[in-house]
Amino acid sequence: MTDIVKTKEVQDLLDRASGLNESGGDARLKAIVRDVLEATMKIIEKHDIDESEFWQALRFLQDGADEYGLIAPGVGIEHFIDLHMDAKDAEAGLAGGTPRTIEGPLYVAGAPIVDGDLSKTNDVNLTTDPDDTETLTMSGRITGPDGEPVKGAVLHVWHANSKGFYSHFDPTGEQSPFNNRRRIKLGADGRYAFRSKMPRGYSCPPGGATDRLMAALGRHGDRPAHVHFFIEAPGYRTLTTQINFGDDPHAHDDFAFGTREGLLPIPNRDGDTADIEFDFRLQKARSDTDETFSARPRSEA
Ligand code: DHB
Ligand code: FE
């Protein structure tokens, strides 16, 4: 193996390419770009990547650009970001509460806001399109670190339909906007309850960049059936999480690495209904940014 990355010539090239010799630009970005370039060069060297392979890889990235949101979880990077945040939390003494897990690429901002204060209503329904499958009911409490009820929370919920498709991203074009998506405004007792139609596990789009990458790696592109949540509440840290159905065939074989210990409830099935009782525990906010969403770009409708 040649070993030229550490030579003065290549190190100078890296400094110049990342703008280190220039006064303008962003210092943090320069440092990151330099490390990305150096890591890429080391990979080229280690695997003796030739011209053809390099340009084919670039073409793959170019053609797959609209699927980066799917590829990132598929290759475990979105899960790694969770592990990185967990590790920083542990260091800061912030462990505890319901585990976070990946957001995934399919949230849409602007879902209908419904009143879910259980002292006033007892029927919150997420599914507005006909779906001939089991009814899913879910209920529980949202508490803080000491078990206190969280007041005034908004529970954002989104999930696929019984074909494994999400509204706004449905290749059949059959779903109306915001089917299986709601923002549920909870009351002072922190209790929530909703009904919906049982989702099926999601699979990445056939023939797309993610699917092709998974096939080339000898992997599948399937997730267990799951339900996504954001929970925001004044004074508490916004939580991004999801439950995956513990009895799904892919419960322990999720291509997106979104399943986690403590987030795999098994529904109680009775006739045509599957019921899940699940409590969420939030952490206290320690700063204003704790109460907001990440600045990830999201679809909006
Ligand atoms: C992907 C799809 C999902 O529904 C999800 O929750 C996470 C990832 C994906 O296609 O990568
Ligand atoms: Fe999902």
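All of these numbers come straight from a predicted model, not from anything done at the bench. (Residues numbered from 1 in each chain as written. Chains lettered and ligands numbered in written order. Predicted model: local features only at pLDDT ≥ 70, side-chain atom pairs only at ≥ 80, totals over all residues. Heavy atoms only, no water.)

Novice: Provide a residue-level description of the nonpolar core, including the pertinent values.
Specialist: Ranked by size, the top nonpolar core spans 29 residues in total, and within it Ile 142, Leu 155, Tyr 192, Phe 194 and Phe 229 carry the most contacts. When residues of this core are traced back to their parent elements, those giving at least two are strand E3 (135-143), strand E4 (154-159), strand E6 (191-197), strand E7 (226-232), strand E8 (239-244) and strand E10 (273-277). (Core = buried A, V, L, I, M, F, W, Y, C linked by side-chain atoms within 4.5 Å. Buried < 20%, exposed > 50% of the residue type's maximum accessible area, 1.4 Å probe, protein only. Helix = DSSP H or I, 4+ residues; strand = E, 2+ residues; numbered from the N terminus.)

Novice: Outline the site of ligand 1, listing residues and values.
Specialist: Surveying the vicinity of ligand 1 reveals 13 residues, the closest of which are Leu 70, Tyr 166, Tyr 202, Arg 223 and His 228. At a separation of 3.0 Å, an oxygen atom of ligand 1 approaches a polar backbone atom of Leu 70. Bound to the protein, ligand 1 loses 100% of the 290 Å² it would expose on its own. Judged by the fraction of its atoms near the pocket grid, ligand 1 is located in the largest cavity. Where the shell around ligand 1 is concerned, the elements lending two or more residues are helix H4 (68-74) and E7. Residues belonging to the shell around ligand 1 are distributed by class as follows: 9 nonpolar, 3 polar and 1 charged. (Near = heavy atom within 4 Å. Polar contact = N/O pair within 3.5 Å; in protein donor to acceptor, adjacent residues only side chain to side chain. Areas by Shrake-Rupley, 256 points an atom, 1.4 Å probe, with all protein chains shown as cover. 1 Å grid on protein atoms, 1.4 Å probe; cavity = no way out; pocket = protein on both sides within 12 Å on 5 of 7 lines; lining within 4 Å. Sits in = over half its atoms within 2 Å of the grid points. Nonpolar A, V, L, I, M, F, W, Y, C, P; charged D, E, K, R; others polar.)

Novice: So what's going on with the pattern of salt bridges? Which residues, and what values?
Specialist: Going through the model one piece at a time under the given rule, you end up with 20 salt bridges. Across the pair Asp 86 and Arg 100 runs a salt bridge whose closest N-O atoms are separated by 2.7 Å. On the criterion of sequence distance, the pair formed by Asp 86 in helix H5 (residues 77-91) and Arg 100 in the loop between H5 and strand E1 (108-109) is long-range, its members being 14 residues apart. Classification of Asp 86 by relative accessible area gives partly exposed; the value is 24%. For Arg 100, a relative accessible area of 15% puts it in the buried group. Measuring nitrogen to oxygen at the nearest pair gives 3.7 Å for the salt bridge that ties Asp 290 to Arg 237. Residue Asp 290 is located in the loop between strand E11 (280-281) and strand E12 (299-300), and its partner Arg 237 is located in the loop between E7 and E8; the two are separated by 53 residues in the primary sequence. There is no split in this pair, since Asp 290 and Arg 237 are both buried. (Salt bridge = Lys/Arg side-chain N within 4 Å of Asp/Glu carboxyl O.)

Novice: Pulling in residues and values, what's your account of a negative patch on the surface?
Specialist: Together, Asp 48, Asp 50, Glu 51 and Glu 53 make up a negatively charged patch on the protein surface. As for its placement among the helices and strands, Glu 51 is situated in helix H3 (residues 51-63). Looking at Glu 51, the relative accessible area reads 65%, which means it is exposed. (Patch = residues over 30% accessible without salt bridge, like charges linked within 9 Å, V, L, I, M, F, W, Y side chains within 5 Å. Lys, Arg positive; Asp, Glu negative; His and termini not counted. Charge placed at Lys NZ, Arg CZ, Asp CG, Glu CD.)

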